[in-house]
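What follows is the residue order along each chain.
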Amino acid sequence: MEKDASEPDPSCQRNGVLGVLYGEFTDMLNDRVRYSVSLTESALTIQRICSSPGRTKVVFNLTDCVGCRAYRGPDSLDVGAYFTAYFYPFKRRWMSAGVARQRVEQCFRVALVQDPLANLQEAERWAHAIRDASVLQAPRRDGVAYTEVRRPCRVMILVNPHSGRGQALQHFTGHVQGMLTEAAVPYTLVITEHQNHARELVRKADLSQWDALVIMSGDGLLFEVINGLMEREDWQEAIQTPLGILPGGSGNALAASVHHYSQSPPAWNEELLLSCGFMLCKGLVGSLDLVSIHLASRQRLFSFLSLAWGFVADVDIESEKYRHVGAIRFLMGTLVRLASLRVYQGRLAYLPFKEVPKLPKGNIKASQSPSTPQHPSLCSSLPCRLIPNISPNQNSRRNCNSTNSNYNTITNSSNNAITTKRPETQSTGKTRAPLDSLLPGLDQPVPENWTVVKEEDFVLVLAIYQSHLAEDLWTAPGAMADDGMIHLFYVTAGISRPALLRLFLAMEKGAHLACGCPHLVYEKVKALRLEPISPQGVITVDGEMVEYGPVQAQIHPGLARLICG
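In the annotation of an unreviewed UniProt entry, the entry for the chain reads sphingosine kinase, and the organism field reads Scomber scombrus. Here is the UniProt Subcellular location (unreviewed entry) comment for the chain, exactly as written: "Endomembrane system".

Shown next as structure tokens:
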């Protein structure tokens, strides 16, 4: 909210239009308190009518408005009608510094005449005008091309009730459900029962019934959904279904990234959930890069977040035992792994991303640590050797819902539904998935234009394509959801435990690249290959453990679509 003295005074015409929509209404609880209300294309201005001088205008930016509804009061003898507008502006936190989105509602009673129907029609006129104006004032970022998830809509929301600390469903009903009702966004709520339930569901679903798929869980459930969509015969159309993310797990990396891309102040926990719920209600859709990943067993996966080997992957998997404590599990896992720091042997090669003269705002130049020399392309003619006698860890995790839980589908009562303009798919072939034109076979040498890292002793290798690796880990400060590149980090052997800890502490503020650590290398790449030599280890894709062995990956810019701000 802010003061605004620049608006024209519309008091010469009541309940009419004079450049702005203007009306005088009473407080819903006290008829003796009256307000003048004016609506412009960008703001709702409210001013109490009283005899005291120096009246203050309170201005609500329609960018912060998610909806408005008109209705009759519960008393059948009341001839008045009501309209309530719902806002989520940035306001100062109560107990800490900074600002975060907080819910504010403004309700007015319309009693212009003694005809209840006429009053309701006037309330509906205001509600309709506020809704229409708020849609036009969605918080778009400069230089970003959006489509819209428009009302009426049909949204499927998938919730893993066991993700994080097991409170995802509770947080949905306590925070998100009301927002969707305020925004007139109807939904069908599906509670997942077991690992790969969501994958199976979207692989077989009639997607023509849905205009958006929204995931409330950790990043693992979205990994299932994306791979289920890419396994369909009609994957080219299916992957264009807008995807939304609501944080309900421990890491919530994509949710933190989406919040960051909206240029909002940092937020965590319920504040992050409120921010992502707000963006879901506003319904702007941008592009999302996906990465195609090939394993030694010829299995192919699609990733939206990261590929990790070494320290990061170890912490992710080993900290599963601390899931009950929430996001702090990663800190606990980091301290445990630091106590017995491992070094992994392997070969790493990548295809550098060539910078263009003009970068989108927010991107940074690819750089190495100042004290790290450029790595020449060595041994690029050598094939990537497959490691024999290593049993794949086709495992786990992590949408590990109880098999005794009941399947639930809950649909809200709104009759509105979202229409979506689907862009043309990028691939026109009849293949089951996009072609990886940059990748040779895993048994073939990498091309000559690739860079082969000469070091073979690593503490970690991390390829990430979003800004955040967790809510509190700002890993790739310049990354965007659709920047068309893989942000490759690796740490070579020889780093001390305190230095590694300092890197991760600096990562909370995205300052690790400025630490000057000679063991940290950062590159922007389009494709990569990793060949572990150490016989034991962990590789994760989007936090999910996959088969251990040679792996390579290529980015596919803008392949999917993401509800964002």
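A. Molecular detail of the pattern of salt bridges. The tally for this structure, following the rule as stated, stands at 19 salt bridges. D31 is the partner of R109 in a salt bridge, and the nearest nitrogen-oxygen pair spans 3.4 Å. Of this pair, R109 sits in strand 10 (residues 104-110) while D31 sits in the loop between strand 2 (21-27) and strand 3 (34-39), placing them 78 residues apart in sequence. By relative accessible area, D31 is classed as partly exposed at 46%. One connected set of salt bridges, linked through shared partners, spans D314, E318, R337 and R342.

B. Fine view of the packing of aromatic side chains. Tallied over the full model, the rule gives 14 aromatic pairs. Aromatic ring contacts, followed pair by pair, group F25, Y35, F83, F108 and W126 into a single cluster. The aromatic ring of F278 is capped on one face by R101, whose charged end is 3.8 Å from the ring centroid.

C. Just the packing of helix 6 (residues 253-261) against helix 7 (residues 269-282), in detail. Closest axis-to-axis distance for the helix 6/helix 7 pair is 10 Å, and the angle between their directions is 65°. Here helix 7 runs roughly perpendicular to helix 6, going by the angle between their axes. Read as a crossing pair, helix 6 and helix 7 show a hand that is left-handed. Note on element contacts: helix 7 touches helix 6 through L272, S275, C276 and M279, opposite A255, A256, V258 and H259. When grouped by side-chain class, the residues that make up the contact of helix 6 with helix 7 number 6 nonpolar, 2 polar and no charged.

D. Looking closely at helix 2 (residues 168-182). Given a rise of 1.5 Å per residue, 15 residues ought to cover 21 Å, and the 20 Å separating the end C-alpha atoms of helix 2 matches this to within 8%. Remark: the principal bend of helix 2, roughly 40°, maps to V176. Those residues of helix 2 that fall on the buried side of the exposure criterion are A168, H171, F172, V176, M179, L180 and E182. Of the residues one or two after helix 2, A184 is the one with positive phi, at around 55°.

Rules used throughout
- Residues numbered from 1 in each chain as written.
- Predicted model: local features only at pLDDT ≥ 70, side-chain atom pairs only at ≥ 80, totals over all residues.
- Heavy atoms only, no water.
- UniProt positions renumbered as here; feature names shortened; annotations may be inferred.
- Salt bridge = Lys/Arg side-chain N within 4 Å of Asp/Glu carboxyl O.
- Helix = DSSP H or I, 4+ residues; strand = E, 2+ residues; numbered from the N terminus.
- Buried < 20%, exposed > 50% of the residue type's maximum accessible area, 1.4 Å probe, protein only.
- Phe/Tyr/Trp six-rings, centres within 6.5 Å; stacked < 30°, edge-to-face > 60°.
- Lys NZ or Arg CZ within 6 Å of the ring centre and 35° of its normal.
- Axes fitted to C-alpha atoms, helices over the stretch in contact; angles between N-to-C directions.
- Parallel < 35°, antiparallel > 145°, perpendicular 65-115°, else oblique.
- Left-handed = near helix turned anticlockwise from the far one by under 90°.
- Contact = heavy atoms within 4.5 Å.
- Nonpolar A, V, L, I, M, F, W, Y, C, P; charged D, E, K, R; others polar.
- Expected span 1.5 Å × (residues − 1).
- Bend = angle between axes of the 7 residues up to and from the residue.

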